[in-house]
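Geometric and topological summary
What follows is the residue order along each chain.
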Amino acid sequence: MWPSRNRTRSVTCLACGSEVERSTAREYDKYGDRWNRADKEFEHLCKPCYNDLCHHPRAELEALLVELEAGEHDRAEFLPRYLATVEERYGTLEEES
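Residues numbered from 1 in each chain as written. Predicted model: local features only at pLDDT ≥ 70, side-chain atom pairs only at ≥ 80, totals over all residues. Heavy atoms only, no water.

1. Structural notes on the environment of Glu19
- Take Glu19: it is sitting in strand β2 (residues 19–21).
- Remark: the alpha-carbon pair of Glu19 and His44, spanning 25 residues in sequence, is separated by 9.9 Å.
- Among the polar contacts made by the side chain of Glu19, one reaches the side chain of Ser10 at a distance of 2.9 Å. (Helix = DSSP H or I, 4+ residues; strand = E, 2+ residues; numbered from the N terminus. Polar contact = N/O pair within 3.5 Å; in protein donor to acceptor, adjacent residues only side chain to side chain.)

This is how it looks when you write it as structure tokens:
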């Protein structure tokens, strides 16, 4: 398949802000379904940021972030509410060894 002519050659990593070649970037779909491509615009991650991501399922994450109004409050206000809600719904967070 030939590459689309309207694609840019470089993209910005949504995590660190680096500009990277599209061919070396990883597509990111916040809904976790990058295979369904109809009418979507993907965000991108550079390889180091992509490798730092947790690749566990995130079935309810987007709905929870919307419910807690992520992006509407600063980090210091948002994180305690997020952690309290996660612990209330799913139990205490523990590190796996």
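2. Comments concerning unusual backbone geometry
- Residues other than glycine seldom take positive phi values, yet Asp39 does so here, at roughly 55°.
- Inspection of the secondary structure puts Asp39 in the loop between β3 (26–28) and β4 (43–45).
- Classification of Asp39 as exposed rests on a relative accessible area of 84%.
- Even without being glycine, Glu69 reaches a positive phi, approximately 60°.
- What makes Glu69 partly exposed here is its relative accessible area of 41%. (Buried < 20%, exposed > 50% of the residue type's maximum accessible area, 1.4 Å probe, protein only.)

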